[in-house]
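# Coordinate inspection notes
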Amino acid sequence: MTHSTLPARANVDEGLSRLGWTMVSAKVRAGRNQFTVTRRKSPVLSSLRFAVIVPVIVGFTALLTIGFASALSQVEERETATTIVAIAIALSIISAFVGSSTTALQALYLADDIPFLITLPIPLKVLFGTKFIEAAIGTAPSSMLMTAAVAGYGLAYSGSPLFWLVGLIALVGAAVMATAASVIVVSVVTRFIPPRRARVFLLSISLFVIALTMLGWRLLLPQPDKINLLVEGERFGRVWSALGWTPAGWTATALTESISGQLIVTLYLGFLLVITSGLAIALSFRVFQRTFIRSLSQTRNAQTAQPNESITTWLGRGANLLPRDIGSLVLKEWLVFSRDLRRLSGAVWPVGVVVMYTVLLAHGSGSAFGSGDLQFWSRNGSLALLPWGLSLGISVYAYGSEGRNIHLLRSLPVSARMIFAAKVIAAFVPVATISILAAVLSLWIRQAPLEQSVQLVALLIWMIAGYVLIDTAAAAFSPNFEASHIQRTIGMPGRFYSFALGSIFSLITLVGMTRLIFFGAKEPSRISGILHVELAGIEPFGWPLVVTAAVTGIGVLFVCAEVAIRQTANILASPN
Amino acid sequence: MIKVEGLTKHYPGGAGIQDLTFSVNRGELFVFLGPNGAGKSSTIKILTGLIAPDSGTATVAGKNVSRERLALKRLIGYMAEHPYLYEKLTGREFLRFMADIYRVPKEARDRRSDELFTAFEMTTAANQLIETYSQGMRQKIALASVLIHEPAVLFLDEPTNGLDPRSARVVKDILRQICDRGATVFMTTHVLEIAEQMCDRVGILKDGELVAIGSLKDLRETVNLLDASLEQIFLALTGAATVPILGLYETATP
């Protein structure tokens, strides 16, 4: 064998774009293959998903666009229109940041392919580029708002081709800037907090950003409680002075100038936008480059955390109150809740909302009307809806979060009924604890009367039981055991199921509860006649209505439980 | 203890098992061998009630695997090729979870947990989260978890995967010990030396069909090689692989 010629080895520094394309196309192919498998498994469901989701997204964006176009066309002053568009763009960028921060964490640090990719001769630039694109997907939902604002503005003022070009650049630029900001925050956070624990921290940052936005909204907007676009132009001055110097302000100005035919200013601002986006990418790469390897090595640190013995003991005592087999399943769930913050990450948003809501209720006077009982319920009744959000953040992941361990459950002597009961009990306790504490705190701060407060807590317990049962049933309805991201462990049909049944349950309870309240409170004269209509000597809108609502509510829960148990049995019997 | 008659399972891809008939006695350590995709794992999944056969019948510990699944699962233990473990539980908590599911009395549960941790040399790791375990430790905790309820029949899919020689020896000794006390073990492995050292009988599967079954002595007679090792018997029955001349490394590497 001759050794005179050396084989041509790939020069890893050349063809970066080709490498990047190879990685992106591999991802696209994997997604396409996954879609093909899903379509083969359940063609009707896949088609239905497209038939529902696509029209909903397109329809929603179109409605929003029409709304913007109609509102902006009534605004007489150009500065006011520019400010309104700037507000929409700013809100869109903020929500894009919030949406992409967890996607960036997942894509850059927690993705399953990261350990594999870092063993390959892929320059960090290429890895960053492809993962940046993945992270940018998180901005898609919020870009609907910006699309609607820009398109509405263009429709209202017959935007020129230059307007639409600037609009397109602005859309991409906003997504890039929001993603770059997310990458920078994620890189800095994971430098100090192991990536596996960073999700909750990032969600807290997101909540903080939202709180700041709400505060800014109240301070800057002329009528924060009424979003009225037809106020006088000068009253938007404070908003413009806050936004004018930001990318949202340049973008809105560029769009306005393009409508006015100011080519030079438009091109200058458009160029500024492109340069800023480029700088944002470059800066985010520099931060990522400096922190990536160190942050990645921290992933292991999070895994060596020692379990807290006192929490474990208390949870064990709680589970001991249940029959042993159900108790062991419940204890397993609770231990995972207490140790795997990812499992609870879906609940961070609802908990944040609950906290904000509690604070708002405590400080505000509420929208009380009527007198006596009616005043109490009109002011505090919405507390009964707190567990809905919490349950949506905890119960709906009950099945999918098992991941491949569902195969372990399948091999154990546990019945479908037992698993469902355990999942419901496991979710009920945290949802009930947080909801009841938040409600009691709100009522205590507002010095609500004891008797009605007890009634409200009783209603709350009924709602908690209902929502947890419905959402756990939804989890059984379409679990996704393959997803690594907790919020994808339930499929779209499960989300619809949860929302639809939750709404029906809420409506039924509202009807029954309202009628019950009117037994003790003075009825509004407008509905008094209806409430006392008599048919064959019976008032159908009296006790019969309450009983019907209660029976229907229980019926809905019973059907949900039965469907869920059947679904669980199917999951346990499934060959895959 | 295990009785299989005409068991058949087809998959759309073409693999599966065809007309399997065999039995395994109480206290026997039976090893199922075969090339990749021969149908070993499918057979185990049918016998543990995880998938249904297309035709044929099978009973394990007197329970029909298709009709009495829950009762069957109470009597057996199954360890998958890639064990399923709750990463956020400690080893001890996981054993407790499994014991409670099988309703093992508390005293026995705690005693057996201690014994198993000692036997598998995992006493110091017992209170650490499973996510921190090495592959060998995961394999051992999975094996401990299927032993804790003292099942009548144990199904083990590649139980020695990832074990170092010392741990593999521990596993072999434990399995031999429990078989001597009346438990039945049905396992698959690719490590023929292990099978050769510990099994009472061997079944060899090829393309979903049982091509041979019996003790090592029986198999040697089947292939007419009286001094043959299990590897030679296996290759004689399943066919030795021939490697074509590859085009790799034709030019010199630097």
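Residues numbered from 1 in each chain as written. Chains lettered and ligands numbered in written order. Predicted model: local features only at pLDDT ≥ 70, side-chain atom pairs only at ≥ 80, totals over all residues.

Right, let's get into the overall build of chain A. Counting its regular elements, chain A contains 22 helices and zero strands. Within chain A, the fraction of its 576 residues that count as buried is 39%. The contacts of chain A with a sequence gap of at least 6 include a subset with a gap of at least 24, amounting to 81%. (Helix = DSSP H or I, 4+ residues; strand = E, 2+ residues; numbered from the N terminus. Buried ≥ 20, exposed ≤ 12 C-beta atoms within 10 Å, placed from the backbone. Contact = placed C-beta atoms within 7 Å.)

It is worth spelling out the overall build of chain B at this point. Within chain B one finds nine helices and ten strands. Here the C-alpha atoms of chain B give a radius of gyration of 20 Å, agreeing with the 18 Å that 2.2 N^0.38 yields for 254 residues. The C-alpha extent of chain B, read off along each of the three principal axes, is 60 × 55 × 40 Å. Long-range pairs, those at least 24 residues apart, make up 68% of the contacts in chain B between residues at least 6 apart in sequence. (Rg over C-alpha atoms; globule rule 2.2 N^0.38 Å.)

Attention now moves to the sheet that holds strand β2 (residues 16-24) of chain B. All names here are of chain B. Here four strands make up an open sheet; going across it, the order is β2-β1-β4-β5 and the pairing antiparallel. The open sheet has two edge strands, β2 and β5 (63-64), and neither has a second partner. Of the strand pairs in this sheet, strand β1 (residues 2-10) and β2 are connected by six bridges, and their pairing is antiparallel. From the neighbouring strand, K3 faces β2, where its bridge partner is S23. (Pairing = 2+ DSSP bridges.)

Residue and element names in this part refer to chain A. Running from N to C, helix α3 (residues 78-110) and helix α8 (residues 195-220) point in directions that differ by 170 degrees, and their axes come no closer than 10 Å. Viewed along their axes, α3 and α8 adopt a mutual orientation that is roughly antiparallel. On the side of α3, the interface is formed by I94, F97, V98, S101, T102, L105, Y109 and L110, while α8 contributes P195, R196, A198, R199, L202, S206, V209, I210 and T213. For the contact of α3 with α8, a count of residues per class yields eleven nonpolar, four polar and two charged. (Axes fitted to C-alpha atoms, helices over the stretch in contact; angles between N-to-C directions. Parallel < 35°, antiparallel > 145°, perpendicular 65-115°, else oblique. Nonpolar A, V, L, I, M, F, W, Y, C, P; charged D, E, K, R; others polar.)

A few words now on the confidence of the model for chain A. Residues and elements named next belong to chain A. When pLDDT is averaged along chain A, the result is 82, and 88% of the positions lie at 70 or above. Element-level pLDDT for chain A is lowest in helix α14 (residues 341-363), with a mean of 66, against a maximum mean of 93 in helix α19 (residues 450-477). When the criterion is pLDDT under 50, residues 1-10 qualifies, and its contacts beyond four places in sequence or with other chains add up to six contacts. This stretch, residues 224-231, has a pLDDT under 50; its non-local contacts, to residues over four places away or in other chains, come to nine contacts. (pLDDT = per-residue confidence, 0-100.)

Another point: the pairing of strand β7 (residues 153-157) of chain B. All names here are of chain B. Summarising burial for β7: five of the five residues are buried, a large majority. Neither face of β7 is open: one carries V153, F155 and D157, the other L154 and L156, and all of them are buried. Across four bridges, the pairing between strand β6 (residues 76-79) and β7 is parallel. The residue of β7 that forms the bridge with M79 is L156. Taken together, the five bridges between β7 and strand β8 (residues 184-188) define a ladder with parallel strand orientation. By the bridge assignment for β8, L154 is matched with V185.

For the rest of this paragraph, the subject is the confidence of the model for chain B. Of the residues in chain B, 98% reach a pLDDT of 70 or more, and the chain-wide mean stands at 89. Prediction confidence for the complex, expressed as pTM and ipTM, is 0.75 and 0.81 respectively.

Turning to helix α5 (residues 135-147) of chain B, a few remarks are in order. Residues and elements named next belong to chain B. Taking 1.5 Å per residue as the helical rise, α5 with its 13 residues ought to reach 18 Å, and the 19 Å between its terminal C-alpha atoms agrees with that figure. Counting buried residues in α5 gives ten out of 13 residues, a clear majority hidden from the surface. By the burial criterion, the buried members of α5 are M137, Q139, K140, I141, A142, L143, A144, S145, V146 and L147. In this structure, the buried side of α5 is in contact with β6, α3 (91-101), α4 (106-119), β7 and α6 (165-180). (Expected span 1.5 Å × (residues − 1).)

On to the domain arrangement of chain A, then. Residue and element names in this part refer to chain A. Each assigned domain of chain A is listed here: domain 1 (17-300) and domain 2 (340-573). With centres defined by C-alpha atoms, the gap from domain 1 to domain 2 works out at 33 Å. Breaking the side of domain 1 that touches domain 2 down by element, the ones donating at least two residues are α2 (43-73) and α8. In terms of residues, the side of domain 1 that touches domain 2 owes the most to one element, α8, which gives six residues. Tallied by class, residues from the side of domain 1 that touches domain 2 come to six nonpolar, one polar and four charged. (Domains from an automatic or database assignment.)

To continue, consider the sheet that holds strand β10 (residues 209-214) of chain B. All names here are of chain B. With respect to topology, six strands assemble into an open sheet ordered β6-β7-β8-β3-β9-β10, the strand pairing being mixed. Only two strands of the sheet have a single partner each, and these edge strands are β6 and β10. Across this sheet, the average inter-strand angle for adjacent strands is 15 degrees, counted without regard to direction.

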